[in-house]
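# Architecture and fold: a report
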Amino acid sequence: MTSSAAPSRKALSRIACSRLQKELAEWQRNPPAGFKHRVTDNLQRWVIELNGAPGTLYANEMYQLQVDFPEHYPMEAPQVIFIPPAPMHPHIYSNGHICLDILYDSWSPAMTVSSICISILSMLSSATAKQRPVDNDRYVKNCKSGRSPKETRWWFHDDKV
């Protein structure tokens, strides 16, 4: 199952292809703990299995991330969402959209898929309660037309969760 909220699918630039091939090779040699890349023949869309860290609210739970790479990756951030069902978390909407600054305003071309995954796992691991964002229903309703999370004007104000 994949999201209909995929960004427009322009072919990857030569730079993006080269970078992703390097990241994939590194991932295969040294995958981040708790993650597994589901191998496909599509370099532009990765599906990654995430296992909740031991000793956290998400221990022994498995989720899937969908990572869609834009034409000009790594100069532009990939779109990263949870494939439903998404974990219950104050920064993760029920449609899989993730409110995490590094996916939007704080993106840097030095970041990799591995560093994104580690940041998401860290965000999950620091949660003290399983709950949806307070505006979940309104946000999800407004996204019904398949809007990408990259079209959202996120307000990053709560780094305690």
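The structure displayed is predicted, hence computed values, not measured ones.

With that settled, the discussion passes to the overall build of the protein chain. When helices and strands are counted, the protein chain shows three helices and four strands. Going from the N terminus to the C terminus, the protein chain shows its helices and strands as α-β-β-β-β-α-α. The contacts of the protein chain with a sequence gap of at least 6 include a subset with a gap of at least 24, amounting to 62%. Of the roughly 8800 Å² of accessible surface on the protein chain, 52% is carried by carbon and sulfur atoms.

For helix α1 (residues 14–29), with 16 residues, the first-to-last C-alpha span of 23 Å sits near the 22 Å given by 1.5 Å per residue. Buried within α1 we find Ala16, Arg19, Leu20, Glu23, Leu24 and Trp27. Down the axis of α1, the sector holding all buried residues measures 135°, keeping them to one side. Those residues of α1 that are exposed and aimed more than 90 degrees away from the buried face are Arg14, Ile15, Gln21, Lys22, Gln28 and Arg29. Contacts made by the buried residues of α1 are with β1 (35–38), β2 (45–51) and α2 (113–125).

Let us now look at α2. In a regular helix each residue adds 1.5 Å, so 13 residues correspond to 18 Å; α2 covers 18 Å between its end C-alpha atoms and thus fits that length. Of all the residues in α2, the buried ones are Val113, Ile116, Cys117, Ile120, Leu121, Met123 and Leu124. Angular distribution of buried residues about the axis of α2 spans 160°; they occupy a single face of the element. Here the buried face of α2 lies against α1, β1, β2, β3 (62–68) and β4 (79–83).

With that settled, consider the nonpolar core. Ranked by internal contacts, the top residues of the largest apolar core, which has 36 residues, are Trp46, Ile48, Leu50, Leu65, Phe82, Ile98 and Ile120. Looking at this core, the elements with two or more residues in it are α1, β2, β3, β4 and α2. Element by element, the count of residues in this core is highest for α2, at seven residues. Judged by nonpolar contacts, the second largest core, of five residues, contains Tyr93, Tyr139, Val140 and Cys143.

Across the protein chain, the average pLDDT comes to 87, with 84% of residues at 70 or higher. Per-element confidence in the protein chain is highest for β3, whose mean pLDDT is 97, and lowest for helix α3 (residues 136–142), whose mean pLDDT is 84. With pLDDT under 50 throughout, residues 1–7 is counted as low confidence; its partners more than four residues away or in other chains account for 19 contacts.

What follows is about the pairing of β4. The side chains of a regular strand alternate between the sheet's two faces. Most of β4 is tucked away: five of the five residues are buried. Across five bridges, β3 lies against β4 in antiparallel orientation. The residue of β4 that forms the bridge with Val67 is Val80.

The rules we used
The written sequence of each chain sets the order in which its residues are numbered from 1. Per-residue local features of the predicted model are confined to residues with pLDDT of at least 70, and side-chain atom pairs are confined, for both listing and counting, to 80 or more; whole-chain, interface and lining totals are unaffected and use all residues. Hydrogens and waters are ignored; side-chain quantities use all the structure's heavy atoms. By definition, any uninterrupted DSSP run of H or I lasting at least four residues is a helix, any uninterrupted run of E lasting at least two residues is a strand, and each is numbered from the N terminus. Contacts are residue-level and defined by heavy atoms, with any inter-residue pair within 4.5 Å sufficient. Accessible areas in this description were obtained via Shrake-Rupley with a 1.4 Å probe; residue shielding takes into account the shown protein chains only. Under the convention used throughout, the expected extent of a helix is 1.5 Å for every residue step, that is, one less than its residue count. Burial here depends on accessible area, computed with a 1.4 Å probe over protein chains only, as a share of the maximum for the residue type. Under 20% is buried, over 50% is exposed, and the range in between is partly exposed. To obtain the arc, one takes the directions from the helix axis to the C-beta atoms. The set of buried Ala, Val, Leu, Ile, Met, Phe, Trp, Tyr and Cys residues whose side-chain atoms join them within 4.5 Å is what this entry labels a nonpolar core. The quantity called pLDDT is the predictor's confidence in a given residue, expressed from 0 to 100. Strand pairing is assigned whenever DSSP identifies at least 2 bridges connecting the two strands.

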